[in-house]
Amino acid sequence: MAEGVLIIGEIADGKLAPITRELIAVGSRIAGEAGGLVSVALFGSHAEALAQSAIEAGGDLIYTFTESLLDDYLTDTWLPAAQMAVEVADPAVVLLGQSNVGRDLAPRLAFRLGTDVVMDVTELSVEGGTVHWTRPCYGGNARAVVKVLTSPQIATVRSKSFDPLEPQPGRTGDTIPMESGIDPSQVKQRILGRETAKAEGVRLEDAAIVVSGGRGLGGPEGFKVLEELASVLGAAVGASRAACDLGWYPPSQQVGLTGKTVSPDLYIAVAISGASQHWAGMANSKNIVAINKDPEATMVKNARWAIVEDYRKVLPPLIEELKKLKS
Amino acid sequence: MKFIVCVKQIPDPETPASAFKIDPSGKKVVPAQGIAPVVSPFDAQAVEAALRIKDAQGEGHITVISMGPASARDVIKHALAMGADDGILIDDPALQDVFDPHVTVTVLAAAIRKVGEFDAVFTGRQAADWDWGVTGPGLAEVLGLSQATFAKSVTARDGKLVVERVLSDGFETVEIPTPALVTVSNELGDPRYPQLRQIMMAARKQITTYTLADLGLTPEQVRPRMELERLYIPVKESRVEIIEGDSPEEKAANLARKLREAKLI
């Protein structure tokens, strides 16, 4: 009978991606309650070298597909490889990240396997082998709790929703070398180019402080002031979807349901009303500061501290004050 | 080229949070009074993506498909007024309040097969009600299509599609053969807004209605593969401290001090 959890791993910058460490922690929790092993499938040239870090992160059994064809994610190459991993591991649960990979791959994998998929999970509970998955919907306005009636249950998990386990150096596990045997002539997608957004300064996902701007900034020039504030604080700059859709800031800096998830110690929301879709990307921030003209804005009401004022009047003196405190 | 676009009618996602209500026992959203349902915004952008190719080529045919109640005719009409050519509504009593994307995919795939030949299917990146993001890739799998998800632009070249995809850390341009499936992201830009004349012309375009039986589907085939156990609105606690001061400068100084005291800076 199918048991245990299989994680479709991701590798970033030659290391196990943070989301994969988080998935292993989720998998350990599910397997701890429902039984079975935590398996991790890793793809591409780095797979074998990273098997031990997956074991130290909490994995029991690592499937390594080391073909260089799998280095960069493509639906056409990863789908058959992931399918093979599922068939060999025969898990009760398959986990992927709600990432570039998981968003594209998980639904397709689910239909290929004749099962169903729960996208964008942020919480879960396990009762007697059944997982109850909680996910935001209606633009973050509501939460749905669902259970999957077919096997395996597949889910994608939103990044930063669960903490990774503390790595255990020297932890032991097994590694099984795999070969997808993909015929390159069957790969129909062809990458013509990739453009990585220049991450100036601190990466949004890693930043301890994030300064974000919304539609209320009134124009792209507002972000210049935010960048100045961010540079004083050593912070990253984020933007609401409204601001990105208006072309005021690059989509790669978007925080929210359709953008990135952040969980900084301090989130400074400037001229952001706090629509659920934005909230979905920053709800786990430890402390929120809202700067907004509207005292009724959701962001103001749900912040820890708020200044009700036009940001144009507050940010310049705030930047000066912070410079004084820093020096 | 021949395109199919899947569109969905949903409660207006711009509904203010204060008007957003759930019936917990029925596990569904209660329509807000006086706020009309709309076409899911990503789906309107999917229609726009197909229209841009049709415009660039000077010819083509776009069929719009929606699964939903009789009122979903309105979103098909909206797409027809934008410039699509004909529409299909799948309306069946067995398809009330569908939340499981497996059901949606099964039904839409059957309708697409009934349409017959096509070059590409377009969907929104996700429906802005359930936010699953499953229908597009699910259709690609069931229909055996090449896929490109999260498109910010789509062009046709030598019978293939060139799709600029939005990634979390940038963009990727991918070429896929037809028949293909493309999911469209908000970065595509605003969809065109139909003018009165186009709305009137759209009234003459054909909308065919199918039931499950018309598509050769049995109720068994559209049985959900997941169970919705609970639907609720999360409670946000307000414990905000409004930073006071006689001037913006004083408020700024007070905030800076608070942040310092909390060791956040």
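This one's a predicted model, so the numbers in the text were calculated from it and none came from an experiment.

This part is about the overall build of chain B. In terms of helices and strands, chain B carries six helices and 15 strands. In terms of overall dimensions, chain B has a C-alpha envelope of 70 × 45 × 40 Å along the principal axes. Relative to its 265 residues, chain B shows a buried fraction of 52%. By sequence separation, contacts in chain B at least 24 residues apart represent 73% of the contacts at least 6 residues apart. Put simply, chain B shows about 11,800 Å² of open surface, and 50% of that area lies on carbon and sulfur atoms. Averaging the positions of the 30 positive and the 37 negative side-chain charges in chain B gives two centres separated by 1 Å.

In this section: the sheet that holds strand β5 (residues 61–65) of chain A. Residues and elements named next belong to chain A. One open sheet holds the seven strands; their spatial order is β7-β11-β6-β1-β4-β5-β12, and the pairing between them is parallel. Edge positions in the sheet fall to β7 (117–121) and β12 (174–178), since each of these pairs with one other strand and no more. Each adjacent strand pair in this sheet contributes to an overall mean axis angle of 20 degrees, direction not counted. Taken together, the three bridges between β7 and strand β11 (residues 153–157) define a ladder with parallel strand orientation.

This part covers the domain arrangement of chain A. All names here are of chain A. Each assigned domain of chain A is listed with its residue range as follows: domain 1 (5–186) and domain 2 (204–326). Between domain 1 and domain 2, the C-alpha centre-to-centre distance is 32 Å. Contact residues are listed per partner, giving nine residues for domain 1 and eleven residues for domain 2. When domain 1 packs against domain 2, the two sides together hide about 800 Å² of surface, and 40% of this comes from carbon and sulfur. By the criterion of area lost to domain 2, the three top residues of domain 1 are G139, R158 and K160, representing 62% of everything that side buries. The tally of links from domain 1 across to domain 2 stands at zero salt bridges.

Cut-offs used in this document
- Residues numbered from 1 in each chain as written.
- Chains lettered and ligands numbered in written order.
- Predicted model: local features only at pLDDT ≥ 70, side-chain atom pairs only at ≥ 80, totals over all residues.
- Heavy atoms only, no water.
- Helix = DSSP H or I, 4+ residues; strand = E, 2+ residues; numbered from the N terminus.
- Buried < 20%, exposed > 50% of the residue type's maximum accessible area, 1.4 Å probe, protein only.
- Contact = heavy atoms within 4.5 Å.
- Areas by Shrake-Rupley, 256 points an atom, 1.4 Å probe, with all protein chains shown as cover.
- Lys, Arg positive; Asp, Glu negative; His and termini not counted.
- Charge placed at Lys NZ, Arg CZ, Asp CG, Glu CD.
- Pairing = 2+ DSSP bridges.
- Axes fitted to C-alpha atoms, helices over the stretch in contact; angles between N-to-C directions.
- Domains from an automatic or database assignment.
- Buried area = accessible area lost by both parts, 1.4 Å probe.
- Salt bridge = Lys/Arg side-chain N within 4 Å of Asp/Glu carboxyl O.

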